[in-house]
Amino acid sequence: MTSKVFLGAVVVVILLSGCSAASRLRSSHGNKYRYTYKLIDPAPASRLSYQDQRIKIQFRLDDAAIRFRLQNLSPVPFKIKWDETSIGVKGRYFAVRNTRTFYASTHRDNAAPIIPPTGYVIDMAIPSENISYVGSGWKEKDLLPTTDRNSRAMNERILRNKGSRVELVLPIDAGGEIWPYTFRFEVTSVDSLAWERYRTPRRPPRPAPPGGSPASAQKEDYIVSAVIVAGVLGVAAVLLTQKKDPPAE
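This one's a predicted model, so the numbers in the text were calculated from it and none came from an experiment.

Peer 1: Looking at this structure, I do not really get the pairing of strand β7 (residues 92-97). What am I missing?
Peer 2: Consecutive side chains along a regular strand alternate between the two faces of the sheet. For strand β6 (residues 86-89) and β7, the ladder comprises four bridges, and the chain directions are antiparallel. In the sheet register, I87 faces β7, and the bridge partner there is F94. If you look at the hairpin formed by β6 and β7, you'll find two residues sitting between the two strands, and K90 has a positive phi there, around 55 degrees. As defined by bridge partners, β7 adjoins strand β8 (residues 120-127) across two bridges and the pair is classed as antiparallel. Counted as the bridge partner of R97 is I126 from β8.

Peer 1: So what exactly am I meant to see when it comes to the packing of aromatic side chains here?
Peer 2: Ring pairs (aromatic) are described by centroid distance and by the angle formed between their planes. Evaluated as defined, the whole model comprises 13 aromatic pairs. Between Y50 and F183, the ring centres sit 5.9 Å apart and the planes meet at 65 degrees, which makes this aromatic pair edge-to-face. Highlighted residues: Y50 in strand β2 (residues 49-51) and F183 in strand β12 (residues 177-193), separated in sequence by 133 residues. Given a relative accessible area of 15%, Y50 falls into the buried group. What makes F183 buried here is its relative accessible area of 1%. For the pair W195 and Y198, a centre-to-centre distance of 5.8 Å together with 80 degrees between the ring planes defines the contact as edge-to-face. By relative accessible area, Y198 is classed as partly exposed at 25%. The structure contains a cluster of three or more aromatic residues connected by ring pairs, namely Y50, F59, F68, W82, Y181, F183 and F185. Positioned above the aromatic ring of Y198 is the side chain of K32, whose terminal nitrogen or guanidinium carbon lies 4.5 Å from the ring centre.

Peer 1: Whenever I open this one, the pattern of salt bridges confuses me. Can you help?
Peer 2: For side chains of opposite charge, pairing can occur when their charged atoms come near one another. Inspection of the entire model under this criterion finds 12 salt bridges. Close ionic contact of R184 with D41 constitutes a salt bridge, the shortest N to O distance being 2.5 Å. One end of the pair, R184, is in strand β12; the other, D41, is in strand β1 (residues 32-41), and 143 residues separate them in sequence. We classify D41 as partly exposed; its relative accessible area is 26%. Residues R184 and E167 are paired through a salt bridge, measuring 3.1 Å at the closest nitrogen-oxygen approach. Of the two residues, R184 sits in strand β12 while E167 sits in strand β11 (residues 165-174), which places them 17 residues apart along the sequence.

Rules of the game
Residues numbered from 1 in each chain as written. Predicted model: local features only at pLDDT ≥ 70, side-chain atom pairs only at ≥ 80, totals over all residues. Heavy atoms only, no water. Pairing = 2+ DSSP bridges. Helix = DSSP H or I, 4+ residues; strand = E, 2+ residues; numbered from the N terminus. Phe/Tyr/Trp six-rings, centres within 6.5 Å; stacked < 30°, edge-to-face > 60°. Buried < 20%, exposed > 50% of the residue type's maximum accessible area, 1.4 Å probe, protein only. Lys NZ or Arg CZ within 6 Å of the ring centre and 35° of its normal. Salt bridge = Lys/Arg side-chain N within 4 Å of Asp/Glu carboxyl O.

Geometric values such as these leave the question of function open.
This is how it looks when you write it as structure tokens:
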């Protein structure tokens, strides 16, 4: 019985903290929105995937980046030419970072792995200027705005993004022969999203802050985790030690 009470207390604390975090996000960022995309080129597809005799690629677009799984179906090894890859957002194009250069000082320092026949890579592309270290953490800028900051004008601007296009120019180098792929996505809907349902997109492990060290960053993570656990245990202990009034006869 005691263990059930303890678990119940933990769940209550987690739920309360989640609701509090969602309320703070809404207060500071306003309402949250989610874009739904379809692939319109080189071949229309609602499942965000493309395949020909050379490649098979599956996409997932989140707030700030385009993630993908690329498989080599050809008989020759190839690699992505990251130095010539770009993302276009409503007609404006940007150089990109990927998983190896996501937090690097420059997006150009990137050695692309060779993908042999039947092999695949899982990677991502984000506009190089949309990720930066600000204050005490890494910040990302959305491809298209996803929060209205409680502004009616911004809300209307976001809703007008239905029909907007995002492109990924992804040239592939097959032993000196360049295969020029361009994938175009179109926004099919813009929907409101409750902050409680928002999940942070998957990203590469974050490095230590500038001027810090991996050890110090890890130590800070341990301290934060310890504080959270202590808080949960403290609330549970208070609930367990509270005296209950005897039942009235």
